[in-house]
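Spelled out from the first residue to the last, the chains are:
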Amino acid sequence: MSEIEIEGLSVSYGEGRGQRQVVQGADIAVEKGECFGLVGESGSGKSTILRAAMGLAPQWQGRIEIAGVDARKGPRPAFLRKVQMVFQDPYASLHPRLLIGEAIAEPMRVNRLPRVAERTVELLEAIGLTAAHRYRYPHELSGGQRQRVAIARALALDPEVLLLDEPTSALDVSIQAEVLNLLNKLRAERGLTYLIVSHDLAVISHMCSRLAVMKEGRIVETLGREELTTGAAAEAYTRDLIAASR
Amino acid sequence: MSETAAPRASALQARLAELSRFARAFRRNPLGMVGLFIGLLLILAAIFAPWLATHDPYAPDFGGRLTPPGAEYWLGSDELGRDIYTRILYGSRITLFIVALVIFTSAPIGLFMGVISGYFGGWIDAVLMRITDVFLAVPKLLLALAFVAVLGPGIVNAALAITLTAWPPYARLARAETLAVRNADYINAIRLAGASPIRIIARHVVPMCTSSMLVRVTFDMAGIILIAAGLGFIGLGAQPPLPEWGAMIASGRRFIFDQWWVAAMPGAAIFLVSLGFNLLGDALRDLLDPHAVRRT
Amino acid sequence: MSALLTIEDLTVAFPRDGGGEELAVRGVNLTMGREKVGIVGESGSGKSLTARCILGVQAVHARCTARAMRFDGVDLLTATPRQMRSLRGGRIGMVMQDPRHALDPVQRIGDQIVEAIRLGDRKISRRDAWAKARNMLESVEIREPDRVMRLYPHEVSGGMGQRVMIAIVFVREPDLLIADEVTSALDVTVSARILELLDEMVTRRNMGLIFISHDLNLVSRFCDRVLVMYAGRVVEEIAAADLHNAQHPYTQGLLACMPQIGGPQEPLPVLQRQESWREEGAGA
């Protein structure tokens with residue numbers, strides 16, 4: 001059994017005549033410890049898959065099971081202890097009135113975990129900040145530091161799987177390199193499984209062993225890193241995408 | 001940007017640093033400082049009225065009726081020979097009491113209704129907002145009048161009557177703010193921690209409403225003072241011999257052409273205080289309103 | 001080649017919170033003819049501010065000063081607001097990152113292009129202007145110009161909106177085009193085509209182009225020479241073809257820290273920022 005199993009996922013927004021099908025019949029299977037990429041252009045539905053998995057997209061059909069817990073039928077708290085998400089824009093994903101330490105501690109407080117204060121410091125150190133950053137507000141941090149904090153918050157419940165939604169596309173390339181390095185280090189140290197969404201094939205190539213290409217709500221092709229490197233994709237759309245990204 | 005700032009050792013220190021940053025920015029707004037000064041003046045006058053007063057606010061002195069402003073009566077005396085300066089000082093207690101009572105009842109009610117409405121949406125939103133609309137549809141003073149007419153005149157009833165008309169705009173405001181943040185990623189992140197709606201609303205949504213509420217409340221203080229004075233003026237607020245400013249104007253109305261100070265002095269007090277709250281509100285909006293462009 | 005644009009010692013200052021000023025652009029020099037000049041740098045490096053000062057459209061509290069700033073004989077430092085207005089959108093055009101913010105949301109696309117044409121040529125009839133607008137949309141490769149001209153900006157995609165923006169700028173036949181992150185909001189396949197289009201039009205009309213971007217590779221492919229900005233100053237100026245032999249450690253670091261398709265999956269080299277980069281002269 002795979003760590004992430006998504007079968008026949010369809011997601012739609014709106015109701016009645018205004019209903020829009022955003023994802024249609026997507027199948028994804030990611031093994032434990034793997035980093036799997038999801039690429040596509042804007043509006044292809046790649047981020048929607050992550051949102052549906054986390055229960056942030058209202059209407060979806062199909063089956064999502066992560067780390068053995070069913071997203072629909074399984075208990076919600078248990079599911080959220082297994083999988084967490086990192087959002088695209090670190091300027092929008094941290095509460096402006098919460099101190100950094102509070103933001104990281106909040107998931108642990110909600111779930112009544114022990115040793116909140118010590119764990120907060122451990123997490124800050126794990127992402128390359130210091131204990132002193134606990135008492136900073138988000139607006140006092142740079143974009144890269146904020147995204148590190150968002151990663152620390154996602155790790156606060158010690159999940160097995162992270163869903164990463166364009167985690168570096170709002171950052172400068174030099175900061176992107178630091179965040180990607182951090183993500184790889186954390187994956188190796190903690191045996192995490194990643195499902196990462198990006199429009200940047202170079203980022204996916206750097207991070208992942210396999211990827212799926214999406215277009216207009218459908219997965220057109222799933223390929224390995226080798227085919228990405230050689231450009232030997234089966235679908236013409238994938239080849240165009242690779243050519244434009246070089 | 002913060003790399004040069006000194007490290008902080010506690011959350012309290014972080015909040016104080018934030019507060020002092022705010023204070024520094026506020027100090028750069030001279031009109032705001034004037035407003036703050038007037039507000040503080042009102043509070044100090046209310047606290048220290050017995051020490052600042054020159055006469056007894058209630059004891060009549062028929063020998064000194066309707067004396068113009070001078071050395072004995074700084075702001076003149078009224079038709080019963082009472083010192084107007086002293087009565088304005090004591091009146092500030094009544095004004096402050098009404099304002100505080102209205103704010104502390106209407107703002108929480110409005111905040112609660114608005115946040116619940118905005119966060120849950122659907123039929124809850126529809127029901128709560130239609131109730132709000134009903135209150136908004138009736139003219140403010142008319143609704144307050146009807147309420148006082150039923151319960152009888154008096155300061156507390158006047159304040160409650162104003163509350164009845166003051167909360168709906170807060171509900172609208174809180175709802176709008178909630179709609180703006182409820183799908184923000186930082187709220188989604190808290191949802192993904194498994195937090196209950198009550199916790200999300202209380203700890204994460206409400207703090208995002210407070211700054212615009214604060215601005216609105218400050219502006220409204222001026223309006224509340226005016227309505228309270230209006231109720232006093234038509235005899236439905238504070239009753240004689242209480243030195244309520246509106247009631248004082250009402251009693252001075254008869255002498256307005258010959259002994260202008262009887263009505264003009266409490267009028268000036270009302271003017272000054274509502275101007276102060278408006279200036280304060282303007283300054284706070286410049287600093288706190290995320291939609292207003294930062295002027296430098 | 002006579003200089004089209006000359007900037008000497010451009011400085012932009014913002015008032016700081018606690019009093020005093022913060023320099024966001026420090027001593028930038030640029031002399032360019034009818035060529036393609038790229039300005040690259042990370043966010044906050046001052047690249048967009050530089051462009052905005054050329055047009056005189058910087059934020060109200062920003063203070064732009066320079067020893068000299070001339071555009072084709074016009075002194076931009078002493079130009080009247082009226083002169084500046086006729087330069088902007090006339091002889092100097094600007095295309096910005098997000099067309100959805102730059103287009104008027106309540107006017108049809110056709111009307112916006114026609115307005116731009118008639119601003120430049122007050123004698124042209126509405127009918128002729130409409131025909132000219134239609135031709136311009138065709139030349140930016142919009143397939144159904146008649147249909148698109150009747151649409152509102154929110155009804156078109158980002159790529160289409162950017163083509164419209166380019167059309168609006170080009171109808172006035174500017175001598176200098178400033179393109180600020182024109183493709184960073186677009187998908188890769190779309191942005192490649194937009195860039196080709198921009199390149200063609202600039203080359204054919206023999207215009208000057210200032211191309212601002214955070215993407216070094218893009219700029220090196222597209223421009224003749226490149227200014228690399230860091231913390232408000234130009235740390236390196238280099239011919240685009242030589243970019244991969246850049247001398248300044250900042251430029252080298254930026255190039256090295258980008259992941260490549262098929263590159264090694266080892267940790268990416270991280271940029272080690274040096275305090276001295278802020279202070280050195282223009283460098284290599």
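Residues numbered from 1 in each chain as written. Chains lettered and ligands numbered in written order. Predicted model: local features only at pLDDT ≥ 70, side-chain atom pairs only at ≥ 80, totals over all residues. Heavy atoms only, no water.

- An unreviewed UniProt entry lists chain B under the name ABC transporter permease, with Pseudoroseicyclus tamaricis given as the organism.
- Entered under Sequence similarities (unreviewed entry) in the UniProt record, the comment concerning chain B runs "Belongs to the binding-protein-dependent transport system permease family."
- Within the UniProt record for chain B, the comment given under Subcellular location (unreviewed entry) is "Cell membrane". (UniProt positions renumbered as here; feature names shortened; annotations may be inferred.)

- The name given to chain A in an unreviewed UniProt entry is Glutathione import ATP-binding protein GsiA, and the organism recorded there is Pseudoroseicyclus tamaricis.
- Per its UniProt entry, chain A bears the Subunit (unreviewed entry) comment "The complex is composed of two ATP-binding proteins (GsiA), two transmembrane proteins (GsiC and GsiD) and a solute-binding protein (GsiB)."
- For the record of chain A, the UniProt heading Sequence similarities (unreviewed entry) holds the text "Belongs to the ABC transporter superfamily. Glutathione importer (TC 3.A.1.5.11) family."

## Here's the deal with the overall build of chain B
Alright, step 1. Assigned secondary structure in chain B consists of 11 helices and 0 strands.
Alright, step 2. The helix and strand sequence of chain B, counted from the amino end, reads α-α-α-α-α-α-α-α-α-α-α.
Alright, step 3. When the 296 residues of chain B are sorted by exposure, 47% land in the buried category.
Alright, step 4. Long-range contacts, defined as pairs at least 24 residues apart, comprise 70% of the intrachain contacts of chain B with a sequence gap of at least 6. (Helix = DSSP H or I, 4+ residues; strand = E, 2+ residues; numbered from the N terminus. Buried < 20%, exposed > 50% of the residue type's maximum accessible area, 1.4 Å probe, protein only. Contact = heavy atoms within 4.5 Å.)

## Considerations on the side chain of T48(A)
Alright, step 1. Within the secondary structure, T48(A) is located in helix 1 (residues 46-53).
Alright, step 2. Residues within four places of T48(A) in sequence aside, it is in contact with V11(A), Y13(A), V22(A) and V23(A).

## Re the sheet that holds strand 10 (residues 225-230) of chain C
All names here are of chain C.
Alright, step 1. Reading across from one edge, 7-8-9-3-10-11 is the order of the 6 strands in this open sheet, with mixed pairing throughout. Pairing within the sheet leaves two strands with one partner each, and these edge strands are strand 7 (92-95) and strand 11 (233-239). Here the average twist between neighbouring strands, direction ignored, is 15 degrees.
Alright, step 2. Inspection of the sheet shows strand 8 (residues 176-180) paired to strand 9 (residues 208-213) by 5 bridges, in the parallel sense. The residue bridging L177 from the neighbouring strand is L209, located in strand 9.
Alright, step 3. Seen against the sheet, helix 7 (residues 158-170) touches strand 7 and strand 8 and runs at an angle of roughly 175 degrees to strand 7. (Pairing = 2+ DSSP bridges. Axes fitted to C-alpha atoms, helices over the stretch in contact; angles between N-to-C directions.)

## Let's talk about the packing of aromatic side chains
Alright, step 1. This model, assessed by the stated rule, comprises 10 aromatic pairs over all chains.
Alright, step 2. The ring centre of W60(A) lies 4.0 Å from the NZ or CZ of R72(A), which sits over that ring. (Phe/Tyr/Trp six-rings, centres within 6.5 Å; stacked < 30°, edge-to-face > 60°. Lys NZ or Arg CZ within 6 Å of the ring centre and 35° of its normal.)

## Points about the interface of chain A and chain B
Alright, step 1. Counting residues at the interface gives 31 residues for chain A, matched by 32 residues for chain B.
Alright, step 2. Summing the contributions of chain A and of chain B, the shared interface buries around 2,700 Å²; its carbon and sulfur component is 53%.
Alright, step 3. If you sort the residues of chain A by the area they bury against chain B, H95(A), Y135(A) and R136(A) come out on top, with a joint share of 21%.
Alright, step 4. Our enumeration of links across chain A and chain B arrives at 4 salt bridges.
Alright, step 5. Linking chain A with chain B are 13 residue pairs in polar contact (both at pLDDT 80 or more), by the criterion used here.
Alright, step 6. Breaking the side of chain A that touches chain B down by element, the ones donating at least two residues are helix 2 (76-82), strand 6 (83-86), helix 3 (100-110) and helix 5 (143-155) of chain A.
Alright, step 7. The element contributing the most residues to the side of chain A that touches chain B is helix 3 of chain A, with 5 residues.
Alright, step 8. Residues of the side of chain A that touches chain B, tallied by class, amount to 16 nonpolar, 6 polar and 9 charged. (Buried area = accessible area lost by both parts, 1.4 Å probe. Salt bridge = Lys/Arg side-chain N within 4 Å of Asp/Glu carboxyl O. Polar contact = N/O pair within 3.5 Å; in protein donor to acceptor, adjacent residues only side chain to side chain. Nonpolar A, V, L, I, M, F, W, Y, C, P; charged D, E, K, R; others polar.)

## Overview of the state of the cysteines
Alright, step 1. Enumeration over the complete set of coordinates arrives at 1 disulfide over all chains.
Alright, step 2. Note on C35(A): no disulfide assigned, nearest cysteine sulfur contributed by C208(A) at a separation of 3.2 Å.
Alright, step 3. By relative accessible area, which is 1% here, C35(A) ends up buried.
Alright, step 4. Here C257(C) stays free of any disulfide, with the sulfur of C208(A) as its closest cysteine sulfur at 19 Å.
Alright, step 5. Owing to a relative accessible area of 0%, C257(C) belongs among the buried residues under this scheme. (Disulfide = S-S within 2.5 Å.)

## Section: the pairing of strand 9 of chain C
Residues and elements named next belong to chain C.
Alright, step 1. The element strand 9 is largely enclosed, with a buried count of 6 among its 6 residues.
Alright, step 2. Of the two faces of strand 9, the one lined by G208, I210 and I212 and the one lined by L209, F211 and S213 are each fully buried.
Alright, step 3. With 5 bridges joining them, strand 3 (residues 36-40) and strand 9 adopt parallel strand pairing. Bridge pairing links K36 to L209 in strand 9.
Alright, step 4. Tracing the backbone out of strand 8, into helix 8 (residues 188-205) and back to the parallel element strand 9 gives a crossover that is right-handed. (Right-handed = clockwise from strand over helix to strand, strands pointing away.)

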